[in-house]
Amino acid sequence: MPKIKICTEINAKKTIVFDLSRSIDLHKISTEHTNEEAIAGVTSGLINLNETVTWRAKHIGIYQNLTTKITQFNYPNSFTDEMVKGAFKSFKHQHYFEDKGNITVMIDKFDYTSPLGFLGRIADFLFLKKYMRTLLEKRNTTIKEFAESDKWKQIIQE
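Along each chain, residue indices are assigned from 1 in the same order as the chain's sequence is written. For this predicted model, a pLDDT threshold of at least 70 governs which residues receive local features, and a threshold of 80 or more governs which side-chain atom pairs are given and counted, while totals over whole chains, interfaces and linings are taken from all residues. By convention in this description, side-chain values take in all heavy atoms of the structure and omit both hydrogens and water.

Note: two strands are recorded as paired if DSSP finds a minimum of 2 bridges between them. By definition, any uninterrupted DSSP run of H or I lasting at least four residues is a helix, any uninterrupted run of E lasting at least two residues is a strand, and each is numbered from the N terminus. For strand β3 (residues 52-59) and strand β4 (residues 62-74), the ladder comprises 8 bridges, and the chain directions are antiparallel. For R56, the partnering residue across the bridge sits in β4 and is N65. Hairpin connection from β3 to β4: 2 residues lie between these consecutive antiparallel strands, with I60 at a positive phi of about 55°. Bridge analysis of β4 against strand β5 (residues 78-85) gives 7 bridges, and the strand direction is antiparallel. Residue pairing for β5: F73 is matched across the bridge by F79.

So, on to the environment of S21. When you line up the elements, S21 lands in helix α1 (residues 14-21). On a C-alpha basis, the gap between S21 and F79 in space is 9.4 Å, while along the polypeptide they are 58 residues apart. With near-sequence residues (within four places) excluded, S21 lies in contact with F79, F97, M106, R139 and I143. Polar contact is defined as a pair of N or O atoms within 3.5 Å, subject to the rule that within protein one atom must be able to donate a hydrogen and the other to accept it, and that residues adjacent in sequence are counted only when both atoms are side-chain atoms. At 2.9 Å, the side chain of S21 and the backbone oxygen of V17 are in polar contact. Whether two residues are in contact is decided by their heavy atoms, any of which lying within 4.5 Å being enough.

Turning next to the sheet that holds β3. Strand-to-strand pairing in sheets goes through backbone hydrogen bonds, with the strands running parallel or antiparallel. Reading across the sheet, the 7 strands line up as β1-β7-β6-β5-β4-β3-β2 and stay open at both edges, with antiparallel pairing between neighbours. Both edges of this open sheet fall to β1 (3-10) and β2 (37-41), since each of them pairs with a single strand only. Neighbouring strand axes in the sheet, compared pairwise and without regard to direction, differ in orientation by 25° on average. The pairing of β5 with strand β6 (residues 90-100) spans 5 bridges and is classified as antiparallel. Residue pairing for β6: F79 is matched across the bridge by H95. Inter-axis angles, ranging from 0 to 180 degrees, are taken between N-to-C directions of lines fitted to C-alpha atoms, where helices are fitted over the stretch in contact. The sheet strands contacting α1 are β1, β4, β5, β6 and β7 (103-113), and the helix crosses β6 at an angle near 165°.

Another point: the nonpolar core. Residue types Ala, Val, Leu, Ile, Met, Phe, Trp, Tyr and Cys, when buried and joined through side-chain atoms within 4.5 Å, form a set referred to as a nonpolar core. A simple rule labels every residue: compare its accessible area, found with a 1.4 Å probe on the protein chains alone, to the largest value its type can have, and call it buried under 20%, exposed over 50%, or partly exposed in between. Counting 23 residues, the largest nonpolar core has I10, V17, L20, I24, I143 and A147 as the members making the most contacts within it. For this core, the elements supplying multiple residues, two or more each, are α1, α2 (24-30), β3 and α3 (117-147). In this structure, V17 is in contact with I10, A12, F97, T104, M106, I143 and A147, ignoring residues within four places of it in sequence. Grouped together as the second largest cluster of nonpolar side chains are 11 residues, I6, F110, Y112 and M132 included.

Looking now at unusual backbone geometry. Residue P76 is bonded to the preceding Y75 through a cis peptide linkage, with omega at -10°. Summarising the element assignment, P76 is placed in the loop between β4 and β5. In this structure, N35 takes a positive phi of about 55° despite not being glycine. Residue placement: N35 occurs in the loop between α2 and β2. Positioned with a positive phi, N50 is a non-glycine residue whose angle comes to about 70°. Among the structural elements, N50 can be located in the loop between β2 and β3.

Tracing the chain through its elements places T67 in strand β4. The class of T67 is buried, set by a relative accessible area of 14%. Every residue in contact with T67, bar those within four places of it in the chain, is listed here: T52, V53, T54, E82, M83, V84 and K85.

For Phe, Tyr and Trp, rings pair up if their centres lie within 6.5 Å, where Trp contributes its six-membered ring, and each pair is then called stacked (planes under 30 degrees apart), edge-to-face (over 60) or tilted (otherwise). The tally for this structure, following the rule as stated, stands at 7 aromatic pairs. Geometrically, the ring pair formed by F18 and F73 is edge-to-face, given 5.4 Å between the ring centres and 80° between the ring planes. Placement of F18 in helix α1 and of F73 in strand β4 is noted, with a sequence separation of 55 residues between them. The interplanar angle of 40° and the centroid separation of 5.7 Å between the aromatic rings of F110 and Y112 together place this pair among those described as tilted. You can call F110 buried: its relative accessible area is 3%. The buried category is assigned to Y112, whose relative accessible area is 0%.

Next up, the structure:
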(Lines give C-alpha, C1' and ligand atoms only; values in the text may rest on other atoms or scores of the structure.)
Protein backbone atom coordinates (compact mmCIF):
# COMPACT_ATOMS: atom_id res chain seq x y z
CA MET A 1 0.00 0.00 0.00
CA PRO A 2 1.70 3.22 -1.13
CA LYS A 3 1.78 6.06 1.40
CA ILE A 4 2.27 9.70 0.54
CA LYS A 5 2.96 12.38 3.15
CA ILE A 6 3.18 16.06 2.27
CA CYS A 7 3.75 18.97 4.67
CA THR A 8 2.89 22.45 3.41
CA GLU A 9 3.57 25.64 5.37
CA ILE A 10 0.98 28.33 4.76
CA ASN A 11 1.08 31.90 6.06
CA ALA A 12 -2.62 32.06 7.02
CA LYS A 13 -5.02 31.28 9.85
CA LYS A 14 -5.67 27.60 10.47
CA THR A 15 -9.44 28.01 10.10
CA ILE A 16 -9.02 29.49 6.63
CA VAL A 17 -6.65 26.73 5.51
CA PHE A 18 -8.96 24.06 6.97
CA ASP A 19 -12.01 25.43 5.16
CA LEU A 20 -10.17 25.84 1.86
CA SER A 21 -9.07 22.21 2.16
CA ARG A 22 -12.66 20.98 2.38
CA SER A 23 -14.03 23.36 -0.24
CA ILE A 24 -15.56 21.65 -3.24
CA ASP A 25 -15.23 24.90 -5.22
CA LEU A 26 -11.49 25.24 -4.57
CA HIS A 27 -10.95 21.56 -5.37
CA LYS A 28 -12.51 22.21 -8.80
CA ILE A 29 -10.09 25.11 -9.35
CA SER A 30 -7.07 23.03 -8.31
CA THR A 31 -8.01 20.19 -10.69
CA GLU A 32 -9.02 22.19 -13.77
CA HIS A 33 -6.35 20.34 -15.78
CA THR A 34 -8.25 17.05 -15.24
CA ASN A 35 -11.67 18.56 -16.09
CA GLU A 36 -12.79 17.48 -12.62
CA GLU A 37 -16.37 18.22 -11.70
CA ALA A 38 -18.57 17.33 -8.73
CA ILE A 39 -21.57 15.43 -10.12
CA ALA A 40 -23.33 14.06 -7.02
CA GLY A 41 -23.54 14.55 -3.26
CA VAL A 42 -22.10 17.88 -2.11
CA THR A 43 -21.31 19.67 -5.38
CA SER A 44 -20.35 23.11 -4.05
CA GLY A 45 -19.48 24.85 -0.78
CA LEU A 46 -17.88 23.11 2.20
CA ILE A 47 -18.16 19.37 2.77
CA ASN A 48 -18.80 18.10 6.32
CA LEU A 49 -18.84 14.90 8.38
CA ASN A 50 -20.68 11.96 6.80
CA GLU A 51 -21.24 13.84 3.54
CA THR A 52 -20.15 12.47 0.18
CA VAL A 53 -19.06 13.92 -3.14
CA THR A 54 -18.78 12.12 -6.46
CA TRP A 55 -16.12 13.49 -8.79
CA ARG A 56 -15.88 12.89 -12.52
CA ALA A 57 -12.43 13.53 -13.98
CA LYS A 58 -10.01 12.50 -16.67
CA HIS A 59 -6.94 10.85 -15.17
CA ILE A 60 -4.26 9.12 -17.20
CA GLY A 61 -6.39 9.53 -20.32
CA ILE A 62 -9.51 7.85 -18.90
CA TYR A 63 -12.69 9.46 -17.56
CA GLN A 64 -13.65 7.97 -14.22
CA ASN A 65 -15.97 8.58 -11.28
CA LEU A 66 -14.82 8.60 -7.65
CA THR A 67 -17.05 8.92 -4.60
CA THR A 68 -15.53 9.92 -1.26
CA LYS A 69 -17.04 10.37 2.20
CA ILE A 70 -15.87 12.50 5.11
CA THR A 71 -15.42 9.86 7.83
CA GLN A 72 -13.66 11.94 10.51
CA PHE A 73 -14.03 15.66 11.26
CA ASN A 74 -12.41 17.68 14.07
CA TYR A 75 -12.75 21.37 13.18
CA PRO A 76 -10.22 23.00 12.58
CA ASN A 77 -7.60 20.36 13.36
CA SER A 78 -8.25 17.41 11.06
CA PHE A 79 -10.59 15.58 8.72
CA THR A 80 -10.43 12.37 6.73
CA ASP A 81 -11.99 11.45 3.42
CA GLU A 82 -12.20 7.86 2.23
CA MET A 83 -13.17 6.33 -1.07
CA VAL A 84 -16.63 4.77 -1.15
CA LYS A 85 -16.58 3.87 -4.84
CA GLY A 86 -14.00 4.35 -7.57
CA ALA A 87 -11.01 3.05 -9.49
CA PHE A 88 -8.81 2.35 -6.46
CA LYS A 89 -9.22 -0.76 -4.39
CA SER A 90 -9.23 1.69 -1.45
CA PHE A 91 -7.91 5.05 -0.36
CA LYS A 92 -7.81 7.15 2.78
CA HIS A 93 -6.76 10.81 2.78
CA GLN A 94 -6.06 12.31 6.21
CA HIS A 95 -5.72 16.10 6.53
CA TYR A 96 -4.06 17.63 9.62
CA PHE A 97 -3.62 21.30 10.49
CA GLU A 98 -1.17 22.61 13.09
CA ASP A 99 -0.36 26.11 14.30
CA LYS A 100 3.32 27.04 14.15
CA GLY A 101 3.45 30.70 15.16
CA ASN A 102 1.75 32.66 12.40
CA ILE A 103 2.08 29.71 10.03
CA THR A 104 -0.35 26.83 9.51
CA VAL A 105 1.29 23.51 8.75
CA MET A 106 -1.01 21.44 6.55
CA ILE A 107 -0.15 17.73 6.59
CA ASP A 108 -1.60 15.33 4.05
CA LYS A 109 -1.37 11.59 4.58
CA PHE A 110 -2.65 9.71 1.57
CA ASP A 111 -2.72 5.91 1.66
CA TYR A 112 -4.15 3.92 -1.22
CA THR A 113 -4.32 0.46 -2.69
CA SER A 114 -4.34 0.14 -6.45
CA PRO A 115 -6.64 -2.32 -8.18
CA LEU A 116 -5.40 -5.28 -10.24
CA GLY A 117 -3.06 -6.80 -7.64
CA PHE A 118 0.43 -7.30 -9.07
CA LEU A 119 -0.27 -5.11 -12.13
CA GLY A 120 -1.44 -2.33 -9.80
CA ARG A 121 1.78 -2.57 -7.79
CA ILE A 122 3.81 -2.26 -11.00
CA ALA A 123 1.75 0.81 -11.98
CA ASP A 124 2.44 2.30 -8.52
CA PHE A 125 6.16 1.83 -8.99
CA LEU A 126 6.27 3.07 -12.59
CA PHE A 127 4.00 6.13 -12.43
CA LEU A 128 0.91 6.10 -10.21
CA LYS A 129 2.48 7.13 -6.89
CA LYS A 130 4.27 10.04 -8.59
CA TYR A 131 1.06 11.02 -10.39
CA MET A 132 -0.90 11.05 -7.10
CA ARG A 133 1.81 13.05 -5.30
CA THR A 134 1.81 15.62 -8.11
CA LEU A 135 -2.01 15.97 -7.89
CA LEU A 136 -1.82 16.54 -4.13
CA GLU A 137 1.03 19.04 -4.46
CA LYS A 138 -0.92 20.98 -7.12
CA ARG A 139 -3.93 21.06 -4.81
CA ASN A 140 -1.80 22.27 -1.90
CA THR A 141 -0.20 24.98 -4.04
CA THR A 142 -3.69 26.24 -4.90
CA ILE A 143 -4.76 26.20 -1.23
CA LYS A 144 -1.59 28.10 -0.29
CA GLU A 145 -2.12 30.66 -3.08
CA PHE A 146 -5.70 31.38 -2.01
CA ALA A 147 -4.99 31.34 1.75
CA GLU A 148 -2.02 33.72 1.54
CA SER A 149 -3.95 36.31 -0.48
CA ASP A 150 -7.46 37.72 -0.40
CA LYS A 151 -8.54 35.11 -2.95
CA TRP A 152 -9.83 32.89 -0.11
CA LYS A 153 -12.72 35.37 0.30
CA GLN A 154 -14.00 34.24 -3.12
CA ILE A 155 -14.37 30.72 -1.73
CA ILE A 156 -15.30 30.97 1.97
CA GLN A 157 -16.77 33.45 4.44
CA GLU A 158 -14.68 34.09 7.59
